[in-house]
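Structural features, examined
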Amino acid sequence: MRVHINDPLDKQATEKLASVRGVELTSQHYEKDELMKLMPEIEVLVVRSATKVTADLIEAGKKLKIIGRAGTGLDNIDVEAAKAKGIKVINTPGANSISVAELTIGFMIACSRHIARGTSDLKNGKWTKKELEGHELFGRTVGIIGFGNIGREVAKRLAAFSMRILAYDPFVKESDLPVEIVDLETIYKESDYITVHVPLTPETKKLINKETIDKMKDGVIIINAARGGIVDEEALYEGLKSGKIYAAGLDTFELEPPTDELRQKLLALPNIVATPHIGASTFEAQERVGMILVERLIKEIA
Ligand code: MLT
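Residues numbered from 1 in each chain as written. Predicted model: local features only at pLDDT ≥ 70, side-chain atom pairs only at ≥ 80, totals over all residues. Heavy atoms only, no water.

Examining the site of the ligand
Around the ligand, the neighbouring residues are Arg48, Ser49, Arg69, Gly71, Thr72, Gly73, Asn96, Arg227, His277 and Ala280. Ser49 is positioned such that a nitrogen or oxygen atom in its side chain is 3.3 Å from an oxygen atom of the ligand. In the environment of the ligand, an oxygen atom lies 2.8 Å from a nitrogen or oxygen atom belonging to the backbone of Gly73. In terms of residue class, the shell around the ligand is made up of one nonpolar, six polar and three charged. (Near = heavy atom within 4 Å. Polar contact = N/O pair within 3.5 Å; in protein donor to acceptor, adjacent residues only side chain to side chain. Nonpolar A, V, L, I, M, F, W, Y, C, P; charged D, E, K, R; others polar.)

Points about the domain arrangement of the protein chain
Taken domain by domain, the protein chain comprises domain 1 (2–92 + 282–301) and domain 2 (97–274). Computed over C-alpha atoms only, the centres of domain 1 and domain 2 are separated by 31 Å. (Domains from an automatic or database assignment.)

Section: the sheet that holds strand β1 (residues 2–5)
Pairing in this open sheet of five strands is parallel, and the strands run β2-β1-β3-β4-β5 from one edge to the other. Bordering the open sheet on either side are β2 (24–27) and β5 (88–90), each of which pairs with just one other strand. Strand-to-strand, the axes of this sheet are offset by a mean angle of 15 degrees, without reference to chain direction. Note: strand β3 (residues 44–47) against strand β4 (residues 66–69), four bridges, orientation parallel. Bridge assignment links Val46 to a residue of β4, and that residue is Gly68. Running over the sheet, helix α12 (residues 283–301) touches β3, β4 and β5 and is turned about 165 degrees from β4. (Pairing = 2+ DSSP bridges. Helix = DSSP H or I, 4+ residues; strand = E, 2+ residues; numbered from the N terminus. Axes fitted to C-alpha atoms, helices over the stretch in contact; angles between N-to-C directions. Contact = heavy atoms within 4.5 Å.)

Re the sheet that holds strand β12 (residues 272–274)
Read from one edge to the other, the open sheet built from seven strands follows the order β8-β7-β6-β9-β10-β11-β12, with strand pairing classed as parallel. The strands lining the two open edges of the sheet, one partner per strand, are β8 (180–181) and β12. Along the sheet, helix α7 (residues 149–159) makes contact with β6 (141–145), β7 (164–168) and β9 (193–196), crossing β6 at roughly 165 degrees.

This is the structure:
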């Protein structure tokens, strides 16, 4: 069975997959044109978020049986095209939730206390103590949009900061955690922090936009460690620039890497903290994600 891993997968998980009898494994990142040429021979394709498994790539996979996604989001895979060809799509929801939740809280603190700006000022020889007064999390209100695996892990940790926690999720009506399940309007109106933990779908695309930002409290802090495109980055830029938004923490961008003019402008603002889509990039999460995915793949192919 020809298995190809096109994005980095945990070493131990890769070795486990390679040791399965009958598996012929290759592991190397190819850009689309090159990968296209290999597709006719590949039976199992393993990706993370960098490889876009588009309908034409799937069409070229004449022997393709399984697409393994080492992670949660399926927005980089044309699941409908796979389904139409009877190709199974296997992912690992939940396996990296703790890492994403911890990064989210890191962003909330970094945004509140100007950690990135303070670091860069010091590196540039500037002592900006007077300019960097911030906020406590204690007693303030956080609105969590999307209350699945990651949203719940965020809430559990924020309870330790004694925050008031609001959560919205169309599929959740009550919770065992110390949160108030509310509607979106309440989230916008009452939150000092808003963090999104939803997949990117037609319904969630640009959910945070000019109109919804206008409904938010002045000085709101916005975090997106979910998917680029959920937050309208043009509206975010305007809000950050005008001071309507106090700060933003972004791990994901509509365009990755964010090299275009708009995103460069956004990244140049002093009140933004940003990382290059590393929410799931911890040794612990990658080992968990890799091993869970490989166990699921082995069940299918062995
Ligand atoms: C996910 O959807 O789980 C993450 O985006 C994973 C990744 O970084 O590849």
